Amino acid sequence: MYGNAYIDPNEVNKTHSVLADEDPKLLAEFEARIERGEKIEPKDWMPKEYRKQLIRMIEQHGHSEIIGALPEGTWITRAPGFKRKLALMAKVQDEVGHAQLLYSAAETLGKSREAMINDLITGKSKYSNVFNYPAFTWADACIIAWLIDAGAIINQVANAKGSYGPYCRALDRICTEESFHLKYGHDNVVTLATGTPVQRKMVQEALNRWWPPIMHFFGPSDKISSHTEILMKWKVKMATNDDMRQQFLNMYVPKIWDLGLTVPDANLKKNAETGKWEYTEPDWDEFKRVINGGGPCNAERLAVRRNAEERGRWVREALKAGQTAYVVPFA
Amino acid sequence: MNVAAIKELLYKVADDQLVIGHRNSEWTGLGPILEEDIAFSSMAQDKLGHAQGCYQILHDLGEAEPDQIAFSRKANQFHNCHFVELPNGEYDFSLMRHFLFDHADQIRFEMFANSSFEPLAKLAKKVKGEIKYHVFHGNTWINKLSTANEVSHIRMQTALNESWNYALGIFEAGSFETELKNEGIFEGENALQNRWLEVVCPLLEKAGLKVPEQHTWEPVLGGRRGYHLAHLEALVTEMSEVFQIDPTATW
């Protein structure tokens, strides 16, 4: 999974010039390098806004990995059979590994892992909105593994061609692992969809629950945002939210239908003339409400993460202790 | 070959692996640092693989399929020691359990590698290569945390005190100790415990920890005979929740 680094809807309409303080000559050289397809490396000059947006995006992606490990992780202990239990463990372990890679990539821009995690647990940083929804059944975990990971791959394959070297290299590795997650998720959903009536019902209900969050996954339509334009020019953001959503629908709706499952949107169809998918506009008020903390699981996810941080603090403190071994006092 | 003896041996070993693997996996997403989430997950996957390997041998000896054995039995049909079924608690306890259990595991599978029962010897040769890293991980962390600062030292000493009698319960004798030894299948729990003490005591002392005094040693027994704490019941119910929706379905 999972990082859909959409622009925070709270920030979309900021209109102030982010480039007012930048040296025009350095900025022009920077933009020319990006235009030529060169990668920007940690010690290279970069505009403040570029650094800020990349930190925000990579950090948000890292947070999505560790928070995303929670709804899936709860199914590790309940996975049916050795094959599924082993595969799900390995999958969620990969996701935690991705967080490790991403936090390292973000650290090259000057923000420590500790600071990022602090911002996560205090609610200052965002993570992918989909993880504020619960995974009620085993089938929910299977739908997440297939379709949310599918969405994430579309986003990440695009971003892997971006301009910041460390992020692109992390994404290349992440995408390789994600492609296995996608196969794992698909295999699970196929098994349920072609299984017993109980299993088919389970997976259809899970799809119904997850469809609105999946449609939200790529974020709101961004054609009106000036914010997006500059990020796309700097190759921080590589595709618009709408384009990614179209790509997802194009790749996965036929596969969902092939399995005999129904997508819970009566208006969903591909327009033969435009080649574009038409669908019921997702409820963006709901999206905004959830991203701002009002979703069914926001409080729980952060509470679990905060609890883990607090319980583990003594370990981190111990790791910071110097090389001199602690000597137990005699008296 | 004494099949009954082999089956008893394999059941307890496999159940230990399954239950500790399940417990280790519960750290996923909740570890004190990301690297430890990942490490515990790796060890959990290995343990599950070892359990699966043992259940497969049991299946070859006429028992049910590995999935059926693991996901369809009731808690009182499990033969794991109590130590592995205890909840994870805090990281100090989980780490101490992992250290103490994995040293026993390493020696056990080294013994199995020389077993006259070929399928077990073959499995053990693969498994011991993996346990080597579990032990390495346990040693590193026990040493680091026991010597880092006062808080971590006290935590690790407390974890050791709480774990010790449960750890001794790993070596609860089975019904076929003599037969297993005479047939060259397994040297026995007593030999295993002695070798384990020779290994772990110096390591704990080197880390500045005090092994509980011998007159306080009281192995926690019963697990090998199907007597368990309420924790195992909860674990087994959770583990088989989805599988039991339809045990005949393909999942």
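A. Spotlight on the overall build of chain B. Each helix and strand in chain B was counted, giving ten helices and zero strands. Along the chain direction, N to C, the helices and strands of chain B fall in the order α-α-α-α-α-α-α-α-α-α. In terms of overall size, chain B behaves like a compact globule, its C-alpha atoms giving a radius of gyration of 18 Å where 251 residues would be expected to give roughly 18 Å. If you line up chain B on its principal axes, its C-alpha atoms span 55 × 45 × 30 Å. Across chain B, every contact between residues at least 6 apart in sequence was considered, and the portion connecting residues at least 24 apart equals 76%.

B. Expanded view of the overall build of chain A. Check the secondary structure of chain A and you find twelve helices and two strands. Overall, chain A shows an N-to-C arrangement of helices and strands of α-α-α-α-α-α-α-α-α-β-β-α-α-α. For chain A, the spread of C-alpha atoms along the principal axes amounts to about 70 × 60 × 35 Å. Sequence-distant contacts, at least 24 apart, represent 78% of the contacts inside chain A between residues at least 6 apart.

C. Focus on the nonpolar core. Within the largest apolar cluster, 156 residues are counted, with the highest numbers of intra-cluster contacts made by A:Cys142, A:Ile143, A:Val203 and B:Leu10. The greatest single-element share of this core, amounting to 14 residues, is contributed by helix H5 (residues 138-159) of chain A. With near-sequence residues (within four places) excluded, A:Cys142 lies in contact with A:Gly185, A:Asn188, A:Val189, A:Leu192 and A:Val203.

D. Broad picture of helix H3 (residues 82-107) of chain A. Helix length check: H3(A), at 26 residues, gives a terminal C-alpha distance of 37 Å against a target of 38 Å (1.5 Å per residue), a fit within 8%. Of all 26 residues making up H3(A), 21 are buried, and the element is well covered by its neighbours.

E. Spotlight on unusual backbone geometry. At A:Lys235, a position not held by glycine, the phi torsion is positive, near 55°. For A:Lys235, a count of 19 C-beta atoms within 10 Å translates into the label partly exposed.

F. How the structure looks around helix H1 (residues 3-25) of chain B. Over its 23 residues, H1(B) runs 32 Å from end to end, which matches the ideal 33 Å to within 8%, given 1.5 Å per residue. For H1(B), the buried fraction is high: 19 of the 23 residues fall into the buried class.

G. Molecular detail of the packing of helix H2 (residues 48-73) of chain A against H3(A). All names here are of chain A. At a minimum axis distance of 8 Å, the contact between H2 and H3 shows a crossing angle of 160°. On the basis of the axis angle, H2 is roughly antiparallel to H3. Between H2 and H3 the crossing geometry is left-handed. Facing Ile55, Ile58, Glu59, His61, Gly62, Glu65, Ile66, Gly68, Ala69, Glu72 and Gly73 of H2, the residues of H3 in contact are Leu88, Val92, Glu95, Val96, His98, Ala99, Leu102, Tyr103, Ala105 and Ala106. When the residues that make up the contact of H2 with H3 are grouped by side-chain class, the tally is twelve nonpolar, five polar and four charged.

H. Highlighting the interface of chain A and chain B. Facing 40 residues of chain A, the contacting portion of chain B comprises 47 residues. Elements with a minimum of two residues in the side of chain A that touches chain B: H2, H3, helix H7 (197-216), helix H11 (298-311) and helix H12 (313-320) of chain A. Broken down by element, the residue count for the side of chain A that touches chain B peaks at twelve residues, all from H3(A). Class assignment for the residues of the side of chain A that touches chain B results in 23 nonpolar, eleven polar and six charged.

I. Structural view of the environment of B:Cys201. All names here are of chain B. Along the chain, the position of cysteine 201 falls in helix H9 (residues 189-206). The class for cysteine 201 is exposed, based on 12 C-beta atoms found within 10 Å. Taking the C-alpha atoms as reference points, cysteine 201 and valine 211, separated by ten residues in sequence, lie 6.7 Å from one another.

J. Structural context of the packing of H3(A) against helix H6 (residues 165-193) of chain A. All names here are of chain A. The geometry of H3 relative to H6 is characterised by a closest axis approach of 10 Å and an angle of 170° between their N-to-C directions. Classified by the interaxial angle, the pair formed by H3 and H6 is roughly antiparallel. Across the interface between the two elements, Ala87, Lys91, Asp94, His98, Leu101, Leu102 and Ala105 of H3 pack against Pro166, Tyr167, Ala170, Arg173, Ile174, Glu177, His181 and Tyr184 of H6.

K. Broad picture of the confidence of the model for chain B. With 100% of its residues at a pLDDT of 70 or more, chain B has an overall mean of 97. The ipTM assigned to the predicted complex is 0.96, against a pTM of 0.94.

L. Main features of the environment of B:Lys74. All names here are of chain B. Here lysine 74 lies in the loop between helix H3 (66-72) and helix H4 (82-85). By the C-beta count within 10 Å, which is 12 here, lysine 74 ends up exposed. When the C-alpha positions of lysine 74 and glutamate 179 are compared, they lie 28 Å apart, and in sequence the two are 105 residues distant.

Rules and cut-offs
Residues numbered from 1 in each chain as written. Chains lettered and ligands numbered in written order. Predicted model: local features only at pLDDT ≥ 70, side-chain atom pairs only at ≥ 80, totals over all residues. Helix = DSSP H or I, 4+ residues; strand = E, 2+ residues; numbered from the N terminus. Rg over C-alpha atoms; globule rule 2.2 N^0.38 Å. Contact = placed C-beta atoms within 7 Å. Core = buried A, V, L, I, M, F, W, Y, C linked by C-beta atoms within 7 Å. Buried ≥ 20, exposed ≤ 12 C-beta atoms within 10 Å, placed from the backbone. Expected span 1.5 Å × (residues − 1). Axes fitted to C-alpha atoms, helices over the stretch in contact; angles between N-to-C directions. Parallel < 35°, antiparallel > 145°, perpendicular 65-115°, else oblique. Left-handed = near helix turned anticlockwise from the far one by under 90°. Nonpolar A, V, L, I, M, F, W, Y, C, P; charged D, E, K, R; others polar. pLDDT = per-residue confidence, 0-100.

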